[in-house]
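Remarks on the overall topology
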Amino acid sequence: MSGPGAHVESVLASYAAHSAESRGRVHVEAEAPRRTAFQRDRERVIHSTAFRRLEYKTQVFVNHEGDLFRTRLTHSLEVAQIARGIARALRVNEDLVEAIALAHDLGHTPFGHAGQDALHECMAPHGGFEHNLQSLRVVDELEERYGAFNGLNLTFEAREGILKHCSLENARKLGELGQRFIARRQPSLEAQIANLADEIAYNNHDVDDGLRSGLLQLAQLDEISLFARHAATVRAAFPRLPERRTIHETVRRMINALIVDLVQESSRRIEAAAPKTIEDVRSAGLLIAFSQPIRQEADALKTFLRENLYRHYQVTRMTNKARRIVRELFTAFWDDVRLLPNDYRERAESDRARAIADYVAGMTDRYAIREHRRLFAVGEV
Ligand code: MG
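Here's a quick rundown of the structure. (Residues numbered from 1 in each chain as written. Predicted model: local features only at pLDDT ≥ 70, side-chain atom pairs only at ≥ 80, totals over all residues. Heavy atoms only, no water.)

1. Observations concerning the packing of helix α17 (residues 313-335) against helix α20 (residues 365-376)
What describes two packed helices is the angle between their axes and the distance between those same axes. This is how it is decided: Between the N-to-C directions of two axes lies an angle of 0 to 180 degrees, each axis being a line fitted to C-alpha atoms and, for a helix, fitted only over the stretch in contact. Put simply, DSSP H or I for four residues or longer makes a helix, DSSP E for two residues or longer makes a strand, and each gets a number counted from the N terminus. Roughly parallel covers angles under 35 degrees, roughly antiparallel covers those over 145, roughly perpendicular covers 65 to 115, and oblique covers all other angles. Less than a right angle of anticlockwise turn of the near helix away from the far helix marks a crossing as left-handed, whereas a clockwise turn marks it as right-handed. For this analysis, residues touch if any pair of their heavy atoms sits within 4.5 Å. For this classification, Asp, Glu, Lys and Arg are treated as charged, while Ala, Val, Leu, Ile, Met, Phe, Trp, Tyr, Cys and Pro are nonpolar and the rest, including Gly, are polar.
In the contact formed by α17 and α20, the axes pass within 10 Å of each other and the chain directions differ by 50°. If you check the angle between α17 and α20, you find them oblique. Both α17 and α20 take part in a crossing whose hand is left-handed. Contacts from I325, E328, L329, A332 and F333 of α17 reach α20 at A368, I369, E371, H372, L375 and F376. Counted by class, the contact of α17 with α20 contains eight nonpolar, one polar and two charged residues.

See below:
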């Protein structure tokens, strides 16, 4: 194998994604002299406009609710960190895994899932709105950084990882990238890792943010085995530790335990499937997974968070408001496209709904709030 960075990637397993064997970019570009294709992908994501906007987009708590809560940006950094650790342990491509992790939420609307649900409802007659597909749309179409093409022109492997799931109907429109959903094949190990690193990150940081916000209580979490087990170890080791530190000690042990289990179970599956190339990985079953007992515990924690945090009445009040803002913004632009900024209004001439969805989805939380005020509050400009 040759090409830029081949020496860095020579330590990787044969079934990892190797830059020299990439399926390439949609728009052909000369290779960089010192950087691998996946390194360039990662750097393109970090330099993108959509990436900077993640700082002001909701994960669970709206951006202005507190300075310590996760935003989409810090969430994405935590996903990248966890994913890299797993990738290194499994000898697969860290640069690719990081590019996918940093890009995985680029298509998120303002106000987290509430915003996505509202936009999806507005877009129902026009093909719907799905944040995952929108992340792909950001890197393929919406970023404006190059003279020769739209988007970031990422490699096939990065794009494959960003598109985590997709309906069969959409898959048919996506050509080569949609193929695996139709053929029921898997993406690279790097993509599978980024996906589960996302889950490890949000389950744990939502516990932390939930407790910090006071919406969750420690006593409730002591009913959840994954948390209770590690909390007990912490309390035994440090009997008089203040609550704050007990929580942090517990959460970091949970993250570690999930990563260790994931690496062990995945190694076992990889050994059993014995893939030789990335194509073997794509035709095998899911190779990156938790063991069964840990899968069950992680699911129990997810259910707990859904019932107690995401549906907490204080969160619901916020998500209700967020939904209304998104819906009203969409409707106002739909009823009168002259309200759209010039570049979106031009695009609205060919596809009104999609241009509005792109505009609204790109907004940060506070931009959406401000824009809503500008459109609806008398006396605001
Ligand atoms: Mg995520």
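After presenting the structure, the write-up continues.
2. Quick look at the pattern of salt bridges
The test is simple: A carboxyl oxygen of Asp or Glu within 4 Å of a side-chain nitrogen of Lys or Arg is what we treat as a salt bridge. To sort residues, take the accessible area from a 1.4 Å probe on protein chains only and compare it with the maximum for the residue type: under 20% means buried, over 50% means exposed, and anything in between is partly exposed.
Inspection of the entire model under this criterion finds 39 salt bridges. Across the pair R25 and D41 runs a salt bridge whose closest N-O atoms are separated by 2.8 Å. One end of the pair, R25, is in the loop between α1 (6-9) and α2 (37-46); the other, D41, is in helix α2, with 16 residues separating them in the sequence. Across the pair, D41 and R25 agree in class, each one buried. Residues R269 and E265 are paired through a salt bridge, measuring 2.9 Å at the closest nitrogen-oxygen approach. Taken as a pair, R269 and E265 lie in helix α14 (residues 243-273) at a separation of four residues, close to a single helical turn. Judged by relative accessible area, which is 10%, E265 ranks as buried. Salt bridges here are not isolated pairs; linked through shared partners, they connect R35, R42, E43, R84, R88, E94, D95 and E98.

3. Points about unusual backbone geometry
In this model, F111 sits at a positive phi of 65°, which is unusual for a non-glycine residue. Within the secondary structure layout, F111 lies in the loop between α5 (94-103) and α6 (112-123).

4. Quick look at the layout of surface pockets
What counts, and what does not: Cavities and pockets were defined on a 1 Å grid built over protein atoms only: a cavity is a set of grid points that admits a 1.4 Å probe from which the probe cannot escape, a pocket is an open set flanked by protein on both sides within 12 Å along at least five of seven lines, and lining residues are those with an atom within 4 Å of any such point. Grid points are joined across faces, edges and corners, and a volume is the space filled by probe spheres set on the points.
In this structure, the largest pocket occupies an estimated 690 Å³ of space. If you trace the largest pocket, you find 29 residues lining it, with Q59, H113, Y202, D206 and Y310 closest to the centre. Elements with a contribution of two residues or more to the lining of the largest pocket: α4 (72-89), α6, α11 (189-213), α16 (292-310) and α17. Of the residues assigned to the lining of the largest pocket, the class counts are seven nonpolar, 12 polar and 10 charged. When its volume is computed, the second largest pocket comes out at roughly 590 Å³. As for the second largest pocket, its lining consists of 23 residues, of which L133, R137, N170, K173 and L174 are closest to the centre. Counting residues per element, the ones that place at least two in the lining of the second largest pocket are α7 (131-142) and α9 (168-173). No other element matches α7, which puts six residues into the lining of the second largest pocket.

5. Observations concerning the packing of α5 against α11
Closest axis-to-axis distance for the α5/α11 pair is 9 Å, and the angle between their directions is 45°. As the angle between them shows, α5 and α11 are arranged oblique. Viewed along their axes, α5 and α11 form a crossing whose handedness is right-handed. Side by side, α5 and α11 meet where L96, V97, I100 and A101 of the first sit next to E190, A191, I193 and A194 of the second. The residue inventory of the contact of α5 with α11, partitioned by class, reads seven nonpolar, no polar and one charged.

6. A short note on the side chain of D358
Using the following cut-off: Think of a polar contact as two N or O atoms within 3.5 Å of one another; within protein, one of them needs to be a possible hydrogen donor and the other a possible acceptor, and neighboring residues in sequence only count if both atoms come from side chains.
Examined against the element boundaries, D358 turns out to sit in helix α19 (residues 352-362). Separated by 2.6 Å, the side chains of D358 and R137 make a polar contact. Aside from chain neighbours lying at most four places away, what touches D358 is Q134, R137, L142, Y344 and R347.

7. Looking at the nonpolar core
The nonpolar side chains of a soluble globular protein tend to be buried, and buried together. Convention followed: Side-chain atoms within 4.5 Å link the members of a nonpolar core, which is a set of buried Ala, Val, Leu, Ile, Met, Phe, Trp, Tyr and Cys residues.
In terms of nonpolar packing, the biggest core is built from 78 residues, with I86, L106, I193, L221 and L301 touching the most fellow members. In terms of residue count, α11 provides more of this core than any other element does, 10 residues in total. Apart from residues lying up to four places away in sequence, L106 is in contact with V45, S48, A50, F51, L54, S135, V138 and V139.

8. Considerations on α20
Put simply, the rule is: A helix's residues, less one, multiplied by 1.5 Å, set its expected span. The directions considered for the arc are those from the helix axis to the C-beta atoms.
A rise of 1.5 Å per residue sets the reference length of α20, with its 12 residues, at 16 Å; its end C-alpha atoms lie 17 Å apart and thus fit the reference within 8%. Those residues of α20 that sit buried are D365, A368, E371 and H372. The buried residues of α20 occupy one face: seen down the axis, they fall within an arc of 130°. The secondary structure elements touched by the buried residues of α20 are α17 and α19.

9. With respect to α16
Taking 1.5 Å of rise per residue, 19 residues should cover 27 Å, and α16 covers 25 Å from first to last C-alpha, within 8% of that figure. Buried within α16 we find I294, R295, E297, A298, L301, F304, L305 and L309. At its buried positions, α16 is contacted by α11, α12 (218-221), α13 (225-237), α14 and α17.

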